[in-house]
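# Architecture at a glance
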Amino acid sequence: MALSTVAWISMLLAILVLPGVATVALVKSLRSEERKLELLREQGRIDSYSPRALGELREWVQAHPNDPYATVARQRYNECVRTLREIDEPYYDWSPEEIDQLEVLDE
């Protein structure tokens, strides 16, 4: 059973394209981690959540106050808020206005 021309072309393209895509993803990831490490060395701390993720965490905590993980989630949220107020340069795209609007949750 021989493979069709389309199958051979598809395999050849996959062999040629996948390493390039993987290399681009790896380089982007390593640069991102390098920036995190640089900020960590300079400031001693970095923000652990993006604005969207921190908002979703807050919504989850407010929607599930009796969940066994709510205490841990509140601590993580508050830790990120305090870190954002203490550091000079956040890793994620936080504006000063967004940081000023954040409130610590009751623990």
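As shown above, the structure is provided for reference.
Anyway, here's the lowdown on the structure attached to this text. All values derive from a computational prediction rather than experimental measurement.

Right, let's talk about the environment of Gln43 for a bit. The residue Gln43 is located in helix H1 (residues 5-43) in this model. Taking relative accessible area as the criterion, Gln43 reaches 22% and is therefore assigned partly exposed. Considered as a pair, Gln43 and Asp88 are 45 residues apart in the sequence and their alpha carbons are 7.5 Å apart. The residues contacting Gln43, other than those within four sequence positions of it, are Ile87, Asp88 and Glu89.

Moving on: the nonpolar core. Counting residues in each nonpolar core, the largest one holds 12 residues, listed as Leu54, Leu57, Val61, Ala73, Tyr77, Cys80, Val81, Leu84, Trp94, Ile99, Leu102 and Leu105. Listing elements by their share of this core, those giving two or more residues are helix H2 (51-63) and helix H3 (70-86). Examining the composition of this core, we find that five residues originate from one element, H3, more than from any other.

What follows concerns H2. Compared with the 18 Å implied by 1.5 Å per residue over 13 residues, the 18 Å span of H2 between its first and last C-alpha is a close match. Against the buried residues of H2 lie H3.

To continue, consider the packing of aromatic side chains. Given two aromatic rings, one states the distance between the centres and the angle between the planes to describe the pair. Going through the model one piece at a time under the given rule, you end up with one aromatic pair. An angle of 85° between the planes, with centres 4.8 Å apart, marks the rings of Tyr91 and Tyr92 as edge-to-face. Looking at Tyr92, the relative accessible area reads 27%, which means it is partly exposed.

So, about H1. Relative to the 57 Å expected for 39 residues at 1.5 Å per residue, H1 spans 57 Å between its end C-alpha atoms, a close match to the ideal helical length. Taking the largest bend as the criterion, H1 deviates by roughly 25°, centred on Val17, and proline Pro19 comes between one and four positions later. Positive phi shows up at Gly44, right after H1, with a value of about 85°.

Another point: the side chain of Asn78. Residue position: Asn78 is located in helix H3. Ignoring sequence-local partners within four residues, the contact set of Asn78 consists of Val104, Leu105 and Glu107.

This next bit is on the environment of Ala53. Among the secondary structure elements, Ala53 is positioned in helix H2. Considered as a pair, Ala53 and Gly20 are 33 residues apart in the sequence and their alpha carbons are 30 Å apart.

The rules behind each value
Residues numbered from 1 in each chain as written. Predicted model: local features only at pLDDT ≥ 70, side-chain atom pairs only at ≥ 80, totals over all residues. Heavy atoms only, no water. Helix = DSSP H or I, 4+ residues; strand = E, 2+ residues; numbered from the N terminus. Buried < 20%, exposed > 50% of the residue type's maximum accessible area, 1.4 Å probe, protein only. Contact = heavy atoms within 4.5 Å. Core = buried A, V, L, I, M, F, W, Y, C linked by side-chain atoms within 4.5 Å. Expected span 1.5 Å × (residues − 1). Phe/Tyr/Trp six-rings, centres within 6.5 Å; stacked < 30°, edge-to-face > 60°. Bend = angle between axes of the 7 residues up to and from the residue.

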